[in-house]
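The lines below spell out each chain.
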Amino acid sequence: MDQTVEFDRALLQRYNATGPRYTSYPTANRFHEAFGPEDLARSARWSNEDLIPNPLSLYVHIPFCETVCFYCGCNKIPTKDHGKAEPYLEALRKEALLLEDFFDMDRRVEQMHWGGGTPTFLGMQQMKELMFFIRSNFNLRDDDHGEYSIEIDPRDASDEMIAMLREIGFNRLSFGIQDFNEKVQIAVNRVQPLEQTMAAYRAARANGFQSINFDLIYGLPFQSIDTFAATVDTVLEARPDRIAVFNYAHLPHLFKPQRRINEEDLPSPEEKLGILQHTIEQLTGAGYIYIGLDHFALPDDELALAQRDGSLYRNFQGFSAHSECDLIALGVSSIGKVGDCYYQNERSIDAYYTAIDREQLPVARGIQLTADDIIRREVINSLICYSRLEFAGIDEKYGLEFEEYFAEELEHLQVPLADGLVSLHDRVLTVNPRGKLLVRNIAMIFDVYLREAGDNITQFSRVI
Ligand code: SF4
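Parameters at a glance
- Residues numbered from 1 in each chain as written.
- Predicted model: local features only at pLDDT ≥ 70, side-chain atom pairs only at ≥ 80, totals over all residues.
- Helix = DSSP H or I, 4+ residues; strand = E, 2+ residues; numbered from the N terminus.
- Expected span 1.5 Å × (residues − 1).
- Buried ≥ 20, exposed ≤ 12 C-beta atoms within 10 Å, placed from the backbone.
- Arc of directions from axis to C-beta.
- Contact = placed C-beta atoms within 7 Å.
- Domains from an automatic or database assignment.
- Nonpolar A, V, L, I, M, F, W, Y, C, P; charged D, E, K, R; others polar.
- Core = buried A, V, L, I, M, F, W, Y, C linked by C-beta atoms within 7 Å.
- Pairing = 2+ DSSP bridges.
- Axes fitted to C-alpha atoms, helices over the stretch in contact; angles between N-to-C directions.

Asks: What exactly am I supposed to notice about helix α8 (residues 225-238) here?
Replies: In an α-helix, one full turn covers 3.6 residues, which means residues spaced three or four apart are oriented alike. Taking 1.5 Å of rise per residue, the 14 residues of α8 would be expected to cover 20 Å, and the 20 Å separating its terminal C-alpha atoms lies within 8% of that figure. Residues Phe 228, Thr 231, Val 232 and Val 235 constitute the buried set of α8. Along α8, the residues classed as buried sweep out an arc of 95° about the axis, all on the same side. In α8, the exposed residues that point more than 90 degrees away from the buried face are Asp 226, Asp 233 and Glu 237. On the buried face of α8, the contacting elements are β8 (211-218), β9 (242-247) and α9 (269-285).

What follows is the structure in structure tokens.
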């Protein structure tokens, strides 16, 4: 599969609209409160009854952060009070036990991710106990072949903590970095010395983590092509298995911490495009494969392999090689996927605790996918993960005729076709190298909810 990216500045500027990142379809803003705990319970029971039930994926959300990064758009609880962790862990355990009534706990957990917030806000003993609890109640693999990952803040992660994480069963680490430039770090309130990050990285390698990801962000205050290139050079010296380069979306009307970022300090749209272009050239020049959207991986990393063998999938953590799993979400605001539904837990900690105290699943909203949603999800997933869509495959799988079913969408595709973003031959739609960075725009054409919403899409970030 050709994952070459061609950078056409004029085209990128012309298509740079706001749009979803498609970590799910329908996107989370379509979830509704008519979907509640009993709907999740029903889906969970049904999911057990498949002839061969899907394996499980677990997402565990730890919402606490000691300090707030000003660019942050996540659901987190800023606090220096580590005493808040214990009641939360207690609630997590109760939530997991409530789920035992609905899920067959013998189903193997192929994938697990602890995210946040900051999972490393927890003390080492708390992390050990939480993992022990999960192992005692879910069927985790003990052969190190599961994909078990955790996000770490290198400022919290001592060598001892990293060794302990490996020992309790994690085999993948994701490092929050964003930028090594000190002026940028000060402006976003995340001062993280290079030596500290590299010491954590060396410890991770020494302990045999199988895949290590670095998260970077471009578009932050005081970044320029040159400063960010220096950060990327440092990253390339370390050579992590995966690198995510996120576009900073400045949406201060939605995310309060962003109001502390001075707009005048942000790079211009021109400079941002320059940073992106240079970064892509650096990463692909150093042998990384462009997986899609913000993600790059070394050719032998599981994501790159999954893209080659057709098992890549888009999910709430970005991309995944485990499309088959039902995703159980534990913790405040977590999003899960079970059977043909998505659900999200209560987004406020008080509402989350109230539900747990009442011994109720803390599901706040969700959506049961329609037959049309399922078809469109597959179309969007195929475009984003593989840059191609075979109409015949959709016809066959869903008993339809693509050109008839998607007549309106095919009309909307005429402009990107004429612009060379995509090409269509023998009923195969291919995203061309010059359309790779704009694949969200192509996916948006197949998003019926977005079309119905008209221009009301300000909650989404710009595609570039
Ligand atoms: S970016 Fe991560 S560490 Fe920073 S405030 Fe947000 S959730 Fe916390």
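Asks: Whenever I open this one, the domain arrangement of the protein confuses me. Can you help?
Replies: By a frequent convention, interface size equals the accessible area lost on bringing the separate parts together. By the assigned domains, the protein splits into domain 1 (1-26 + 370-464) and domain 2 (28-330). Inter-centroid distance (C-alpha atoms) of domain 1 to domain 2 is 26 Å. Opposite the 22 residues of domain 1 that make contact, domain 2 presents 24 residues. Elements supplying a minimum of two residues to the side of domain 1 that touches domain 2: α1 (9-15) and α12 (371-386). For the side of domain 1 that touches domain 2, the element with the most residues is α12, which contributes four residues. Here the side of domain 1 that touches domain 2 is built from residues that sort into twelve nonpolar, six polar and four charged.

Asks: I would appreciate a short explanation of the nonpolar core in the present structure.
Replies: Proteins that are soluble and globular tend to have nonpolar side chains buried together. Ranked by internal contacts, the top residues of the largest apolar core, which has 122 residues, are Leu 58, Leu 216, Ile 243, Leu 383, Ile 442 and Ala 443. Mapped onto the domain boundaries, this core takes at least three residues apiece from domain 1 (1-26 + 370-464) and domain 2 (28-330). Contacts of Ala 443, omitting those with residues within four sequence positions, involve Tyr 22, Ile 380, Leu 383 and Ile 384.

Asks: Would you take a moment to explain the sheet that holds strand β18 (residues 388-390) for this structure?
Replies: Backbone hydrogen bonds are what pair the strands of a sheet, in a parallel or an antiparallel way. Here we have three strands laid out as an open sheet, ordered β18-β20-β19, and antiparallel in their pairing. In the strand order of this sheet, the two ends are held by β18 and β19 (422-425), each with one partner. On average, each strand axis in the sheet is inclined to that of its neighbour by 15°, with strand direction left out of account. Where β18 lies against strand β20 (residues 428-431), three bridges are found, and the strand directions are antiparallel. Pairing of Leu 389 across the sheet is with Leu 429, part of β20. α12 contacts β18 and β20 of the sheet and is inclined by roughly 140° relative to β18.

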